[in-house]
Structure formats: C-alpha cells, structure tokens
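Breakdown of the fold
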Amino acid sequence: MPPTASHTPTVLLAEDDRAIRNALERALILEGYRVTAVADGVEALAQAHRSRPDVLVLDVMMPGIDGLQVCRVLRAEGDRTPVLMLTALVETADRIAGLDAGADDYVVKPFDVEEVFARLRALLRRAAPAPAPAPESVESSTREPGPKASGTPRNSGTPGTPGTTEGRPGDPAAGRFVEAAGLRMDPRARRAWRGRRELELTRTEFELLELLIRNAGIVLDHSTIYDRIWGYDFGPGSKNLAVYVGYLRRKLDEPGAPQLIHTVRGVGYVLRED
C-alpha cells in the first residue's frame, strides 16, 4: 500500500546515473518510502532475491544487465512484484519492449517526481491484497432454501453479455467469474481466457481487461480509464493508455476472429464483439 502511518512500503531503485539515483532516493524517502538504491542490474537482482521489495523502480539503460533483463528474470522466476520503468526512450516500440519484459508501468525521462509518486501509489494500490469477505451470518447460513427459480438465471455471464457467472448455493465458484464477448476472467485467481485459450497478462493488462469486461458495450473515456487503472489522469498528451491497449489487443486477437477492443476516436475505448 502507499505510505501510511502504519505501513512503510519498500522500494528497490536501480539507476546507474548517480545524480538521478541520489535525487530520486532522497525524494522517495521524504515521501515516506524505505529505499534501497543500487547502480546496476546485477545488484538489483541480488537485492530482489535477498529481500523482496513492495515495488521496483528500474532504469532501462544500465550497463551489463539492464532494467529489461532484470524484469525478465524476475518474471521468469514467478516474481510478480510491481515494476516501474524509468526510460529515456520515447518510441512506442521501446515502451512495448518494456511491457513485453513484464513491466507494469513506465515514466519517460526527464520526469516530474510527482508523476513518479502517483504511478507508485497506483501500482501499490493494485498490488494490495483485497479485503477478506465478511463471514456469513448464522441466520443467513441456516435459512431454508427458497423455491427453485425457473427460466434463465439472472446475470448468467453468457458470452457477449457482461455479467457474473452464478453457481448453485454453496458453490465456492458462485459469483467468481466475469464474462463478456467470449472472454472469461477469474479476478480472484488473476486468470483470463478467450474461449479455451488462457491469456498471459501483466498486472496492468489484467486490470484494464477486467474494467473493459465489466463495462462491455459501454464506451469508457480516457480520463475514466486512467483514473480507474492508474489512479491519475496523465492528460491528453500521454500515450500510456494507447500502448497498453495495443499490447492487450495483440494478446486477445485471433486469426479470423472479430476484434474485441474498439477505439472510439476522440473519446476512448469499448469492448464488444462485432
């Protein structure tokens, strides 16, 4: 979680430029984080293995093992710690390379430190465990079952219709899945499928796809998506959302199958099957 009086998140910062590293380390400490700062990818991997941080901030361009390689190694090991990339590379292909490596977000140099703080807060909020559901009351758990309903179950989650898959009373999978347009997600297990094919998604891609599925058929504007996914509107000049949508499309699209994520020019994006 973001810094609070009762919790101090740990940040592993890897940046080979001493001036940037020292300045960002001081700023993060003043903001309430505990920071371990290192100068290269080898040290970053060693520190990540020694004591897992709450979030990693990795410079892309480092001598030896760079930030992309660090991220690839951690993801290959099954480490899902959120990763924020620092990069001086502004081309879309460079940003996609970072997402391919498993990064969750990126900041382009030169950056405003407040933007770094906002992106870290968003990553930590999404990484925080969901609150445990309240225990069912004795009264509700011992209530006699009502008459059996007839017809099609409400919110059945039929492909093409957004909804939640219902199960029988007492079924642990009841209410567990969300479905739309031939897509199916299990938010608790962080798994998603198109048809029978399971999708390999980063944390941010999963959050974006879940938002689109839960609002299937509804056009979501850029500001709404930024606020829900990143917790911060980066303004009309940001290409962050377009990069993630493009990358998500590449993972969803299948030869001969309809495209699912549609661009509404000047407004935002919508999930629908047509």
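Calculation notes
- Sequence order as written defines residue numbering, which begins from 1 separately in each chain.
- With pLDDT at 70 or above as the cut-off, local features in this predicted model cover only qualifying residues; side-chain atom pairs require 80 or more to be listed or tallied, and sums for whole chains, interfaces and linings still use all residues.
- The side-chain figures draw on all heavy atoms in the structure; neither hydrogens nor water molecules are used.
- Strands qualify as paired when DSSP identifies two bridges or more between them.
- Here a helix means four or more residues in a row that DSSP labels H or I, a strand means two or more in a row labelled E, and each is numbered from the N terminus.
- The axes are straight lines fitted to the C-alpha atoms, using for helices just the contacting stretch, and the angles between their N-to-C directions are given from 0 to 180°.
- In what follows, residue pairs with any heavy atoms lying within 4.5 Å of each other are defined as contacts.
- Counted as salt bridges are all cases of a side-chain nitrogen of Lys or Arg within 4 Å of a carboxyl oxygen of Asp or Glu.
- When accessible area is computed with a 1.4 Å probe and restricted to protein chains, residues below 20% of their type maximum are described as buried, those above 50% as exposed, and intermediate ones as partly exposed.
- By this rule the span expected of a helix is its residue count minus one, scaled by 1.5 Å.
- The pairing test for Phe, Tyr and Trp rings, Trp by its six-membered ring, is centres within 6.5 Å, and the orientation test on the planes gives stacked under 30 degrees, edge-to-face over 60, and tilted for anything in between.
- The rule for a charge over a ring is simple: NZ of Lys or CZ of Arg within 6 Å of the ring centre, and within 35 degrees of the ring normal.
- For this classification, under 35 degrees means roughly parallel, over 145 means roughly antiparallel, 65 to 115 means roughly perpendicular, and everything else is oblique.
- Charged means Asp, Glu, Lys or Arg here, nonpolar means Ala, Val, Leu, Ile, Met, Phe, Trp, Tyr, Cys or Pro, and polar covers whatever is left, Gly included.
- The predictor attaches a confidence to each residue, called pLDDT, with possible values from 0 through 100.
- Put simply, buried Ala, Val, Leu, Ile, Met, Phe, Trp, Tyr and Cys residues joined by side-chain atoms within 4.5 Å make one nonpolar core.

Looking now at the sheet that holds strand E2 (residues 34-38). Hydrogen bonds between backbone groups are what pair the strands of a sheet, and the pairing can be parallel or antiparallel. Taken in spatial order, the five strands make up an open sheet running E2-E1-E3-E4-E5, and their pairing is parallel. Two strands bound the open sheet, and with one partner strand each, they are E2 and strand E5 (105-108). Each neighbouring strand pair of the sheet contributes to a mean axis angle of 20 degrees, computed without reference to strand direction. Of the pairings in the sheet, the one linking strand E1 (residues 10-14) to strand E3 (residues 55-59) comprises four bridges and is parallel in character. When the sheet's bridge partners are listed, leucine 13 is paired in E3 with valine 57. The strands touched by helix H5 (residues 113-127) are E3, strand E4 (83-87) and E5; relative to E5, the strand with the most contacts, the crossing angle is about 180 degrees.

Attention shifts here to the pattern of salt bridges. One pass over the full model with this rule turns up 14 salt bridges. The residue aspartate 104 makes a salt bridge to arginine 75 at a minimum N-O spacing of 3.0 Å. Of this pair, aspartate 104 sits in the loop between helix H4 (92-100) and E5 while arginine 75 sits in helix H3 (residues 67-76), placing them 29 residues apart in sequence. Of the two residues, aspartate 104 and arginine 75, neither departs from the other in class, the shared state being buried. Taken together, the shared-partner salt bridges in this structure form one network comprising Glu15, Asp59 and Lys109.

All right, on to the sheet that holds strand E12 (residues 261-264) then. The three strands are arranged E11-E13-E12 in an open sheet whose pairing can be described as antiparallel. Both edges of this open sheet fall to strand E11 (220-221) and E12, since each of them pairs with a single strand only. Two elements, E11 and strand E13 (residues 268-271), share two bridges in a ladder whose sense is antiparallel. Note that in E13 the partner of aspartate 221 across the bridge is glycine 268.

This brings us to unusual backbone geometry. With the exception of glycine, most residues fall at negative phi, and the peptide bonds are largely trans. Lysine 109 connects to proline 110 through a cis peptide bond whose omega is -5 degrees. Looking at where proline 110 falls in the secondary structure, it is placed in the loop between E5 and H5. One non-glycine residue, alanine 181, lies in the positive phi region at around 50 degrees. Tracing the sequence through the fold places alanine 181 in the loop between strand E7 (178-180) and strand E8 (183-186). Phi at arginine 190 is positive, roughly 55 degrees, even though this residue is not glycine. The topology assignment puts arginine 190 in the loop between E8 and strand E9 (191-194).

Once that is clear, we can look at helix H7 (residues 203-214). Taking 1.5 Å of rise per residue, 12 residues should cover 16 Å, and H7 covers 17 Å from first to last C-alpha, within 8% of that figure. For H7, the tally of buried residues reaches 11 of 12 residues, placing the bulk of the element in the interior. Of the positions making up H7, those classed as buried are Arg203, Thr204, Glu205, Phe206, Glu207, Leu208, Leu209, Glu210, Leu211, Leu212 and Ile213.

The next thing to look at is the packing of aromatic side chains. Overall, the coordinates contain one aromatic pair when judged by the stated rule. Between the NZ or CZ atom of arginine 184 and the centre of the ring of phenylalanine 177, over which it lies, the distance is 3.7 Å.

Moving on, we come to the packing of H7 against helix H9 (residues 240-252). The interhelical angle for the contact between H7 and H9, taken along N-to-C directions, is 85 degrees, at an axis separation of 10 Å. In terms of their interaxial angle, H7 and H9 are classed as roughly perpendicular. Residue-level inspection shows Thr204, Glu205, Leu208 and Leu209 of H7 in contact with H9, the latter providing Leu241, Tyr244, Val245, Tyr247, Leu248, Lys251 and Leu252. Taken together, the residues of the contact of H7 with H9 break down into eight nonpolar, one polar and two charged.

The next subject is the confidence of the model for the protein. Averaged over all residues, the pLDDT of the protein equals 79, while 77% of them reach at least 70. In the model of the protein, helix H6 (residues 138-141) stands out as the element of lowest mean pLDDT, 43, in contrast to E1, which has the highest, 96. This model gives residues 137-161 a pLDDT under 50, and the stretch forms 21 contacts once residues within four places in sequence are excluded. Between residues 166-174, whose pLDDT stays under 50, and residues either more than four places distant or in other chains, the model counts 11 contacts.

What follows deals with the nonpolar core. Across soluble globular proteins, nonpolar side chains have a tendency to be buried as a group. In terms of nonpolar packing, the biggest core is built from 52 residues, with Leu58, Met85, Leu208, Leu209, Ile225 and Leu271 touching the most fellow members. Among the elements that make up this core, the one with the highest residue count is H9 (seven residues). If sequence neighbours within four positions are ignored, leucine 58 has contacts with Ala14, Ala44, Gly67, Val70, Cys71, Val83, Leu84, Met85 and Leu86.

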